[in-house]
Structures are given as structure tokens and as C-alpha cells.
Amino acid sequence: MDTTTSVSSPTITEIDLLSYLIQHAVDNQFSVAVWRLPNNNTRHIILSRQHEKLKTDITLEELPTGFIFAPFDTASERIYLKADFSFSFTDDGLNEPVTPLEITSSAWLQAKRDEIKKRKAGYYHIQRTSGDTQKDAYLNVVALGIAETEKETFQKVVPSRSKAVTLPPDFDIVNAFMKLCAGNPNALISFVSTPETGSWLGATPEMLVNVEGHTIFKTVALAGTQPYREGMNLKSVAWTQKDIEEQALVERYIISCFKRIRLREYDEHGPKTVVAGNLLHLKSEFTVDMQATDFLQLGTTMLQLLHPTSAVCGMPLNAALDFLRKHEGYDRQFYAGFLGPVNFKNNIHIFVNLRCAQLLESQAVLYAGAGVTIDSVPEQEWEETEIKMNTLLNVISPVRPA
Ligand SMILES: C=C(O[C@@H]1C=C(C(=O)O)C=C[C@H]1O)C(=O)O
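Residues numbered from 1 in each chain as written. Predicted model: local features only at pLDDT ≥ 70, side-chain atom pairs only at ≥ 80, totals over all residues. Heavy atoms only, no water.

Labelled according to an unreviewed UniProt entry, the protein chain appears under the name Chorismate-binding protein, originating from Chryseolinea lacunae.

(A) Inspection of empty space enclosed by the protein at higher detail. Applying the stated criterion across every chain yields a total of 4 cavities of 30 Å³ or more. The space that makes up the largest cavity amounts to roughly 190 Å³. Along the wall of the largest cavity there are 21 residues; nearest its centre are Ala311, Leu354, Arg355, Gly369 and Lys388. Counting only elements with at least two residues in the lining of the largest cavity, the list comes to strand S13 (216-227), strand S20 (363-369) and helix H10 (378-396). Along the lines of polarity and charge, the residues of the lining of the largest cavity split into 10 nonpolar, 5 polar and 6 charged. What the second largest cavity holds in volume is close to 60 Å³. Lining the second largest cavity are Thr56, Ile58, Leu60, Ile68, Arg78, Thr300, Leu303 and Gln304. Looking at the lining of the second largest cavity, the element that brings in the most residues is helix H8 (residues 298-306), giving 3 residues. In terms of residue class, the lining of the second largest cavity is made up of 4 nonpolar, 3 polar and 1 charged. (1 Å grid on protein atoms, 1.4 Å probe; cavity = no way out; pocket = protein on both sides within 12 Å on 5 of 7 lines; lining within 4 Å. Points joined across faces, edges and corners; volume = space filled by probe spheres on them. Helix = DSSP H or I, 4+ residues; strand = E, 2+ residues; numbered from the N terminus. Nonpolar A, V, L, I, M, F, W, Y, C, P; charged D, E, K, R; others polar.)

(B) Fine view of the pattern of salt bridges. What the rule picks out here adds up to 15 salt bridges. One salt bridge in this structure joins aspartate 132 and arginine 128, with 2.8 Å as the shortest N-O distance. Residue class for aspartate 132 comes out partly exposed when judged on its relative accessible area of 33%. A relative accessible area of 23% means that arginine 128 is categorised as partly exposed. Across the salt bridge formed by glutamate 386 and lysine 163, the nearest N and O atoms sit 3.3 Å from each other. On the criterion of sequence distance, the pair formed by glutamate 386 in helix H10 and lysine 163 in strand S9 (residues 160-166) is long-range, its members being 223 residues apart. (Salt bridge = Lys/Arg side-chain N within 4 Å of Asp/Glu carboxyl O. Buried < 20%, exposed > 50% of the residue type's maximum accessible area, 1.4 Å probe, protein only.)

(C) Representation of the UniProt feature "domain: Chorismate-utilising enzyme C-terminal" (unreviewed entry) in the protein chain within the structure. Taken from the UniProt record, the annotation "domain: Chorismate-utilising enzyme C-terminal" (unreviewed entry) applies to residues 135-388. Helix makes up 32% of residues 135-388 and strand makes up 35%, while its end C-alpha atoms are separated by 15 Å. (UniProt positions renumbered as here; feature names shortened; annotations may be inferred.)

(D) Here's a closer look at the pairing of S20. With 6 of 7 residues buried, S20 is to be regarded as a mostly interior element. Taken together, the 7 bridges between S9 and S20 define a ladder with antiparallel strand orientation. Each residue of the ladder has a partner; that of serine 162, found in S20, is tyrosine 367. As defined by bridge partners, strand S19 (residues 356-359) adjoins S20 across 3 bridges and the pair is classed as antiparallel. (Pairing = 2+ DSSP bridges.)

(E) Structural detail: the site of the ligand. Residues in close proximity to the ligand total 18 residues, the closest being Glu206, Thr225, Tyr335, Arg355 and Gly369. Side-chain polar atom of glutamate 206 to an oxygen atom of the ligand: 2.6 Å apart, as the coordinates give it. Glycine 369 has a polar backbone atom sitting 2.8 Å from an oxygen atom of the ligand. In isolation the ligand exposes 390 Å². Once the protein is present, 100% of that is buried. Its atoms largely coinciding with the cavity grid, the ligand occupies the largest cavity. Taken together, the elements giving at least two residues each to the shell around the ligand come down to S13, S20 and H10. The biggest single contributor to the shell around the ligand is S13, with 4 residues. Looking at the shell around the ligand residue by residue, the classes come out as 8 nonpolar, 5 polar and 5 charged. (Near = heavy atom within 4 Å. Polar contact = N/O pair within 3.5 Å; in protein donor to acceptor, adjacent residues only side chain to side chain. Areas by Shrake-Rupley, 256 points an atom, 1.4 Å probe, with all protein chains shown as cover. Sits in = over half its atoms within 2 Å of the grid points.)

(F) Quick peek at the sheet that holds strand S1 (residues 31-36). Taken in spatial order, the 9 strands of this open sheet run S7-S6-S2-S1-S10-S11-S19-S20-S9, and their pairing is antiparallel. In this open sheet, the two strands that pair with only one neighbour each are strand S7 (93-94) and S9. Bridge count for strand S10 (residues 188-194) against strand S11 (residues 198-204) is 7 bridges, and the pairing is antiparallel. Paired with threonine 194 across the two strands is glycine 198, which belongs to S11. Each of strand S2 (42-48), strand S6 (85-90) and S7 is contacted by helix H3 (residues 100-111), which is oriented at about 85° to S6, the strand it contacts most. Each of S9, S11, S19 and S20 touches H10; the most contacted strand, S20, lies at about 145° to it. (Contact = heavy atoms within 4.5 Å. Axes fitted to C-alpha atoms, helices over the stretch in contact; angles between N-to-C directions.)

(G) Here's a closer look at the state of the cysteines. Here the structure, examined in full by the defined rule, presents 0 disulfides. Considering cysteine sulfurs only, cysteine 313 is the nearest to cysteine 257, which forms no disulfide, with 12 Å between them. No disulfide involves cysteine 356; its nearest neighbouring cysteine sulfur is the one of cysteine 181, lying 16 Å away. (Disulfide = S-S within 2.5 Å.)

(H) Looking closely at the environment of alanine 357. Tracing the sequence through the fold places alanine 357 in strand S19. Look at alanine 357 and you get buried, because its relative accessible area is 0%. Between the C-alpha atom of alanine 357 and that of leucine 392, which follows or precedes it by 35 residues, the distance is 7.0 Å. Every residue in contact with alanine 357, bar those within four places of it in the chain, is listed here: Ser199, Trp200, Leu201, Ala364, Val365, Leu366, Leu392 and Ile396.

(I) The arrangement of the environment of threonine 166 in detail. Of note, threonine 166 is situated in strand S9. With relative accessibility at 38%, the residue threonine 166 sits in the partly exposed group. Measuring from C-alpha to C-alpha, the distance between threonine 166 and serine 397 comes to 9.1 Å, with 231 residues separating the pair along the chain.

Here it is, written out as C-alpha cells:
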């Protein structure tokens with residue numbers, strides 16, 4: 001019997017199945033992660049019966065197949081969703097199960113097929129612990145940041161803020177996820193929902209750690225922001241000196257991490273202009289041959305060293321972090337933390353959790369930050385955080401106050 005085709009018969013769509021699986025997770029106190037990798041047409045979903053708390057000194061390469069979800073604060077607990085059920089979809093159809101995990105998952109779903117009907121999925125939501133960052137307060141933090149760069153306390157700091165918007169009554173998480181996939185082909189699209197963390201939806205352009213088949217390590221330096229308009233010629237986009245320097249600082253930070261472990265052989269490409277949904281950034285790519293350099297657990301080592309990078313915190317790290325703790329005025333939680341699938345077919349794809357929203361019962365809390373250097377203008381940094389929030393806002397399409 002072909003179990004896959006019968007579950008994905010024409011009347012049951014991918015949206016129906018994703019909705020069913022998410023709702024099943026919520027009904028059973030399971031955790032769930034749904035994602036689509038950049039420039040890829042496959043959507044993945046895993047359900048985890050009991051998410052685990054990870055120690056900070058874990059070895060990524062030794063974890064079972066699953067999804068990591070870590071907050072910005074390195075002292076706070078990281079969550080791991082071990083995959084107990086795993087499915088993937090391409091072209092609106094459930095893919096043939098291949099791995100033992102997919103085969104058992106498929107048989108399980110087949111037994112549930114009579115329960116699957118069209119309905120909206122629920123999700124876990126927790127209480128928000130702080131209010132919106134007021135504009136005056138944000139402008140003030142940016143001005144303080146500029147003053148500290150003048151005093152050479154640090155060269156760059158990345159103050160962020162949060163803003164709640166009301167969800168429309170017909171908000172549908174699977175629909176929002178699909179819209180994010182369509183509008184952000186170069187991003188990791190993710191939805192993570194656990195009883196403890198609540199629900200987070202995102203479309204991040206920033207890869208943190210990628211390991212392919214135990215052999216190739218990649219990371220990127222991403223910074224500099226301007227709006228992208230359909231049809232723009234990327235080759236003729238001009239960048240300000242401020243953006244170029246801001247991105248160069250992230251590059252230098254990555255190179256300083258390589259130096260700390262005496263890794264000298266890496267390829268660096270860029271920076272070049274890239275599209276991230278409604279925005280443009282400058283991006284350089286770093287690649288390391290892990291076998292030739294004999295750094296077989298480079299993914300784990302670099303994750304420890306890189307997070308939080310100068311793209312989301314500042315340079316030097318500790319001075320910028322102290323400043324943010326003192327002045328930012330709220331807990332970032334999972335914004336600017338990291339997330340992604342681990343050990344699916346021997347690959348690790350961990351991204352920085354940017355362009356994300358935390359979903360509450362009837363609101364979404366949007367988060368964004370902007371890199372502040374000596375050349376920053378507070379009002380422009382505020383504008384930058386507004387357009388970054390639009391990546392999610394465009395999809396959530398909230399009821400805006402009149
Ligand atoms: C901090 C964010 O984005 C980061 C900061 C950028 C910048 O300052 O120009 C650009 C891309 C990201 O590295 C965010 O999206 O919240």
C-alpha cells in the first residue's frame with residue numbers, strides 16, 4: 001500500500017496537513033518546528049514529544065535529528081526539539097518517506113487520516129513581559145550608543161526594540177508561514193511553538209553556522225540595510241561609507257573568531273548586495289574545508305565563538321553587550337538568538353533569529369535592531385527598524401489602528 005499518496009489525496013492539501021500536525025502538537029503538549037531553507041522548495045515539520053534543555057557545551061554533531069532554538073542571552077536555556085515525527089512537503093505534496101524516522105512518521109499519520117480535516121491550527125502563547133519600546137526611548141539609546149562610539153567604548157552597537165500589533169481575527173499561522181515562504185525566497189522561514197517559549201514566526205536572511213556533510217563549514221557577515229524595490233539592479237546599488245564599515249566590522253569579528261582557534265585557511269567571498277524580502281543587505285560568505293583543516297567539529301566550535309555576532313550585538317562584544325543590558329530596556333528572549341535544523345541528512349543549518357515575531361493570543365510582537373556606528377543618525381536607525389519589522393508585518397497584515 002502506498003501510504004503517502006493516500007494521506008495526500010487531492011482533498012487533503014499540504015496546508016490541511018500542516019494545520020493538523022501543529023494542532024496535534026498543541027493538543028498533546030508536544031513542541032513543533034516548521035521551516036523552509038533558503039532557495040529551497042521543501043517545507044519541513046517535526047513534532048517533539050518532550051523538548052529538551054540543552055547545556056551550552058553540547059556538541060552539535062552528536063545531537064539526534066532535531067531543531068535548536070536558542071535565546072539571545074547566552075546564559076539562558078537553549079531548547080532542543082528532538083524529532084519524534086518528521087515530514088516534508090514539496091509542490092503541495094507530502095514527500096515519500098525515506099529515513100526510518102520518516103517511515104514511522106508516515107505510518108503514524110496514515111493511521112490518523114480520518115481525523116484530518118480543514119481547520120485553522122492553534123499555537124502556544126505566553127504572556128508578554130514588557131511593553132513596546134517608545135520612539136523617544138529608542139532614539140535616546142541610539143544617541144547614547146553614538147556617544148559611546150565617540151568615546152571609543154566600542155565601534156558598533158546594535159540596539160533593538162519591540163512593538164506589538166493586533167492580529168487580524170482571521171489570522172492563520174500556516175497561511176502566514178506560506179506567505180513568508182513566497183515573499184522571502186532567500187530566507188530561512190521558521191515557525192517554532194513550544195509550551196515554554198510560546199510561538200515564534202520568522203524570515204531570517206542571516207546564516208550563522210552551516211555544516212554540509214561533516215566537510216564544509218559556512219558562515220556569513222551580513223549588515224548594512226536599505227529598502228529593496230522590485231526590479232532594482234543589484235549591481236548598481238550604492239552603499240554609504242557607514243554601511244560598508246558596519247559590514248566590515250562583522251567580517252572582522254568572524255575572522256577574529258577564526259584566529260582564536262588558529263584557523264588560517266578559509267575562503268572569503270564578497271561583500272555583495274543581496275535581497276532579503278523587502279530589504280537589501282551587504283553579505284560576505286566564509287567557507288572552510290573542515291577535513292583539509294582538520295577541524296571536524298567546527299560547527300560546534302564556531303557557534304560558541306560567533307554568537308552573538310557584531311551583526312546583532314556589537315564590536316567589541318563585551319562592551320556592546322554591557323551597553324545593551326544597561327540601556328535596551330527589555331529582554332530580547334529569542335529575537336537575535338539562533339535557530340535551525342540539526343543533523344537532518346548530516347547537515348546543520350543554524351540562523352540568527354531576525355525578522356521575527358512572537359505570537360501572543362491576539363497580538364504579534366515584532367522585533368528589530370539597527371547597527372549604530374559613529375556615523376549613525378538616530379531617526380534613520382528608527383526608520384531602519386520600522387522597515388525591518390515590515391518583513392513580518394506585511395504578512396501578518398494586522399488590523400492597524402485608525
Ligand atoms: C539586527 C537586525 O539585522 C541585522 C542588522 C543589520 C544592519 O544593522 O544593517 C542588517 C542585517 C542584520 O545583520 C534585525 O533585523 O533586527
